Amino acid sequence: MNNNKPAETIEDTIQRQYACIDKVREINNEKAGHEGRQPTYDVRIFGCQMNEHDAEKLTGMLEEMGYTKAAEGEQADVIVFETCCVRENAELKVYGHLGLLKPSEGDKRSIIAITGCMMQQPHIVEKIKKSFRHVNIVFGTHNLHTFPELLLKYLTKGKRVFDLWDATSQVVEGVPVTRAEKVKAWVNIMLGCNNFCSYCIVPHVRGRERSRNKEDILQEVTRLATEGYKEITLLGQNVNSYGNDLGLKDAFADLLYALNEIDGIERIRFMTSHPKDLSESLIQAMKELPKLGGHLHLPFQSGSSRILKDMNRKYSKEQYLDLIDRVRAVIPDIAFTTDIIVGFPGETEEDFQETLDVVKRVRFDLAYTFLYSKRTGTKAATYENQVPENIKKERFQRLTDTQNAIGTEINKNYEGQTVEVLVEGKSRQSDAMYTGRTSKFKLVNFTCDRDLTGQLVQVKIVRAWPFWLEGWLIE
Ligand code: SAH
Ligand code: SF4
Ligand code: F3S
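All residue numbers refer to position in the chain's written sequence, counted from 1. Each chain takes a letter, starting from A, and each ligand takes a number, starting from 1, following the order in which they are written. For this predicted model, a pLDDT threshold of at least 70 governs which residues receive local features, and a threshold of 80 or more governs which side-chain atom pairs are given and counted, while totals over whole chains, interfaces and linings are taken from all residues. As a rule here, side-chain values come from all non-hydrogen atoms in the structure, and water together with hydrogens is ignored.

Novice: Describe in detail the overall build of the protein, supporting the description with residues and values.
Specialist: The helix and strand inventory of the protein stands at 13 helices and 19 strands. We take the radius of gyration over the C-alpha atoms and set the globule estimate at 2.2 Å times the residue count to the 0.38 power. Computed over C-alpha atoms, the radius of gyration of the protein comes to 23 Å, within 12% of the 23 Å expected from 2.2 N^0.38 for 475 residues, which places it in the range of a compact globule. Judged by the C-alpha coordinates and their principal axes, the protein covers about 65 × 60 × 50 Å. Any residue under 20% of the maximum accessible area for its type is buried, any over 50% is exposed, and the rest in between are partly exposed; the area is computed with a 1.4 Å probe on protein chains only. With 475 residues in all, the protein has 54% of them scored as buried. When the accessible area of the protein is evaluated, it comes to approximately 21200 Å², of which 49% is carbon and sulfur surface. As used throughout, the charge tally considers Lys and Arg to be positive and Asp and Glu to be negative, leaving His and the chain termini uncounted. Charge placement uses NZ in Lys and CZ in Arg. For Asp and Glu, CG and CD serve respectively. Placing the 64 positive and 68 negative side-chain charges of the protein at their respective mean positions leaves the two points 4 Å apart. The numbering of helices and of strands both runs from the N terminus, where a helix is a DSSP run of H or I of at least 4 residues and a strand a run of E of at least 2. Only the protein chains shown count as cover for residues, and all accessible areas are computed by the Shrake-Rupley method using a 1.4 Å probe.

Novice: Provide a residue-level description of the packing of aromatic side chains, including the pertinent values.
Specialist: Aromatic rings from Phe, Tyr and Trp, with only the six-membered ring used for Trp, were paired whenever their centres fell within 6.5 Å, and each pair was classed as stacked if the ring planes differed by under 30 degrees, edge-to-face if by over 60, and tilted otherwise. Taken as a whole and assessed by the stated rule, the structure comprises 11 aromatic pairs. Measuring from centroid to centroid gives 6.4 Å for Y199 and F344, while their planes differ by 85°, and the two rings are edge-to-face. You can see Y199 sitting in the loop between β8 (190-191) and α6 (202-206) and its partner F344 sitting in the loop between β13 (335-342) and α12 (349-362), a full 145 residues away along the chain. Assessed through its relative accessible area of 0%, F344 is described here as buried. An angle of 70° between the planes, with centres 5.6 Å apart, marks the rings of F344 and Y372 as edge-to-face. Residue F344 is located in the loop between β13 and α12, and its partner Y372 is located in the loop between β14 (366-371) and α13 (389-412); the two are separated by 28 residues in the primary sequence. With respect to burial, F344 and Y372 carry one shared label: buried. The structure contains a cluster of three or more aromatic residues connected by ring pairs, namely Y199, F344, Y372 and Y383. Two conditions define a charge sitting above a ring: the NZ of Lys or the CZ of Arg must be within 6 Å of the ring centre, and it must be within 35 degrees of the ring normal. The ring centre of F162 lies 4.8 Å from the NZ or CZ of K129, which sits over that ring.

Novice: Residue-level account of the site of ligand 1, with values.
Specialist: Of all residues adjacent to ligand 1, which total 15 residues, the nearest are R87, Q237, Q301, D339 and S373. Here a polar contact is taken to be a pair of N or O atoms separated by no more than 3.5 Å, where protein atoms must pair a possible hydrogen donor with a possible acceptor and residues adjacent in sequence count only if both atoms sit in side chains. Q301 places a side-chain nitrogen or oxygen 2.7 Å from an oxygen atom of ligand 1. Taking D339, its side chain carries an N or O atom lying 2.7 Å from an oxygen atom of ligand 1. In isolation ligand 1 has 540 Å² of accessible area, and contact with the protein removes 90% of it. Each residue is assigned to one class: nonpolar for Ala, Val, Leu, Ile, Met, Phe, Trp, Tyr, Cys and Pro, charged for Asp, Glu, Lys and Arg, and polar for all the others, Gly among them. In terms of residue class, the shell around ligand 1 is made up of seven nonpolar, four polar and four charged. Only a single heavy atom is needed: when it lies within 4 Å of a molecule or strand, its residue is near that molecule or strand.

Novice: Account for the domain arrangement of the protein, with residues named and values stated.
Specialist: The split of the chain into domains comes from an automatic or database domain assignment. Here the protein is described as being made up of domain 1 (10-163), domain 2 (181-293) and domain 3 (418-474). Look at where the C-alpha atoms of domain 2 and domain 3 centre, and you get two points 26 Å apart. Residues count as neighbours in contact if any of their non-hydrogen atoms are within 4.5 Å of one another. Each side of the interface is counted separately: domain 2 has eight residues, and domain 3 has 12 residues. Contact with domain 3 buries surface across domain 2, with V183, R267 and R269 losing the most and accounting together for 59% of the total. Salt bridges are identified by distance alone: a Lys or Arg side-chain nitrogen within 4 Å of an Asp or Glu carboxyl oxygen. The interface formed by domain 2 and domain 3 holds one salt bridge in total. One salt bridge in this structure joins E424 and K184, with 3.2 Å as the shortest N-O distance. At the junction of domain 2 with domain 3, the criterion picks out six residue pairs in polar contact (both at pLDDT 80 or more). Buried area is a sum: the accessible area each of two parts loses on coming together, probed at 1.4 Å, counted once for each and added.

Written out as structure tokens, the structure reads:
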């Protein structure tokens, strides 16, 4: 990897991308004239909300360059992979897709571009270089915005393009975005992570913390409100340290107060909060600001203080439980969700029991549970006492059984109640149903005879399922 941070300003780089966008569009329009069809794109997303939002930027750039979305089942002219490497599974899925795209004779050739977290690892880039020769363009998380330039280079020279930056201090503004949703929108507030939890690859592939300017965020959200968006989710690996790199104090709470003032935006969500620096000012903001709702996602990862230390999480079981109590003292009916890792190196049955204990004590509405996955380059990958797969899986099962029973009990309490739902669109459950969430993040599917997408409606809950609530619209 070369550390080719550009010497030019970011504004100049972005301007050059717009010039490249124009050139690619010219090429595409000419091609469309010959072939009678506009070239198509397909962006395949793996990973978290960061990637979903980055994919919206890739889509924005592709559409500006004259590509249209490929129909279901059609092999697109340009296929872009937005990859994730947080666990091995995510990487295996990408290899599976790439394998299926290996061209055989007579196949239509697509341009295949690959970006995202996986590409920030040199050993993976080597593998793509050698074993996946049909991949044409490779770039990383730090230079997503230079995609038009890289695509133009490939289109004009016909040679494979590899452009990887191993770091950046830039915060890029002004990239075109085509949002996947109409009611809720992702908004980056910071990039990167400084925490280096010992199991986690994210700081290695997303770089150090960089906060966006408050004014840029407010401008983006104001624009979203005028476009009709009702809900925003602020994204960062650790939103509680928003502004630290800009020398600000309590900047996240300040940002929330400012965002709460924007007319049209009904709900503000954020993720993720690290327990180690969840501030009193944030708890206060959650109490005072009506748009924040009553939900907090607060990953605890393990209930064993010893494992938490090895994980480099910088809090103990007791401190986590104390934090939960402090939040509940201010916001009694708050709904907590969390992330948990099972089978971290050295985890014993006793450690695992501590994790179950936290789950039972806190009573999370929902937990995202993961089998520990060894990631090359992280500290925990060098630990010798890795837990055998069968033990990990058995613990995982006990954990999900415990949590699902709690989640179902919490949902049962909603039966007979009326909740306010922000309607997101048609439900996947049935054609006669619409879907949305409550302010506490509860997924609700409800019967309704007309499309009220984007509106806040009252829904009577008639039945609780383990992961969602069923109801009907109350006029
Ligand atoms: N920044 C966020 C989470 C980012 S990754 C936070 O700190 O909460 C999302 C989740 O993936 C993590 O919370 C963790 O539970 C899980 N995860 C990260 N690395 C993992 C690994 N190596 N194996 C299993 N799960 C992992
Ligand atoms: Fe990974 Fe920890 Fe950073 Fe979250 S806070 S992204 S788990 S290193
Ligand atoms: Fe997200 Fe996966 Fe990267 S979880 S930050 S896409 S490694």
